[in-house]
Amino acid sequence: MNIETAASQMESLGSPTRLRIYRTLVRAGLDGLAVGALQQKVDIPASTLSHHCRKLIEAGLVTQERHGTTLICRANYKAMSSLIGYLADECCADGRAEEAATTED
């Protein structure tokens, strides 16, 4: 993954509404969700949902597929894995990582 793609994807997830939509689709699994069901779950107007979905699609994080009259939205798990990998690939390459949590005995 290149830095421009990672930045675009991170930017698209920078909106609380888009992040909520994306997390809802990630939770839905490979079957995805019909637009109507997604709208009910995130409780936003259809026009707002359409706008935010378009941004996620442009970033490559979400796909849409038409089945008859139903439009299905799905998280693009390959893109998600690539972004997570890009962020984690060089973790601690130039130094030590701080312990996330310590426990006292």
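Let us look at the structure shown here. Just so you know, these numbers come straight off a predicted model, no measurement behind them.

Quick notes on the pairing of strand β2 (residues 62-67)
Summarising the sheet, β2 and strand β3 (residues 70-75) pair through six bridges and their orientation is antiparallel. What sits directly across from T63, in β3, is R74. Adjacent in sequence and paired antiparallel, β2 and β3 are bridged by two residues, among which G68 carries a positive phi angle near 65°.

Some remarks on the environment of L38
Counting through the fold element by element, L38 comes out in helix α3 (residues 35-42). Judged by relative accessible area, L38 falls into the buried class, the value being 0%. Separated by 47 residues in the primary sequence, L38 and G85 have C-alpha atoms spaced 27 Å apart. Sequence-distant contacts of L38, defined by excluding residues within four places in its chain, comprise I21, T24, L25, L33, L49, C53 and C73.

Description of the sheet that holds strand β1 (residues 33-34)
Spatially, β1-β3-β2 is the arrangement adopted by the three strands of the open sheet, whose pairing is antiparallel. At either end of the open sheet lies a strand with only one pairing partner, and these are β1 and β2. Two elements, β1 and β3, share two bridges in a ladder whose sense is antiparallel. The residue bridging L33 from the neighbouring strand is C73, located in β3.

Some thoughts on the nonpolar core
Counting residues in hydrophobic clusters, the biggest one holds 19 residues, and the most contacted among them are I21, Y22, L25, L38, L49, L56 and L61. Those elements giving two or more residues to this core turn out to be α2 (16-28), α3, α4 (46-58), β3 and α5 (77-88). Beyond its immediate sequence surroundings of up to four residues, L25 is in contact with L33, L38, V62, C73, A75 and Y77.

The rules behind the values
All residue numbers refer to positions counted from 1 along the written sequence of the respective chain. Two thresholds apply to this predicted model, a pLDDT of at least 70 for residue-level local features and 80 or more for giving and counting side-chain atom pairs, whereas whole-chain, interface and lining totals are computed over all residues. As a rule here, side-chain values come from all non-hydrogen atoms in the structure, and water together with hydrogens is ignored. Pairing between strands requires that DSSP locate at least two bridges from one strand to the other. Secondary structure elements are taken from DSSP: a helix is a run of H or I of four residues or more, a strand is a run of E of two residues or more, and numbering for both begins at the N terminus. Burial classes: relative accessible area under 20% of the type maximum marks a residue as buried, over 50% as exposed, and values in between as partly exposed (1.4 Å probe, protein chains only). Any two residues having at least one pair of non-hydrogen atoms within 4.5 Å are treated as being in contact. Nonpolar cores were defined as sets of buried Ala, Val, Leu, Ile, Met, Phe, Trp, Tyr and Cys residues, with membership established by side-chain atoms within 4.5 Å.

Everything listed is a geometric property; what it means functionally is a separate question.
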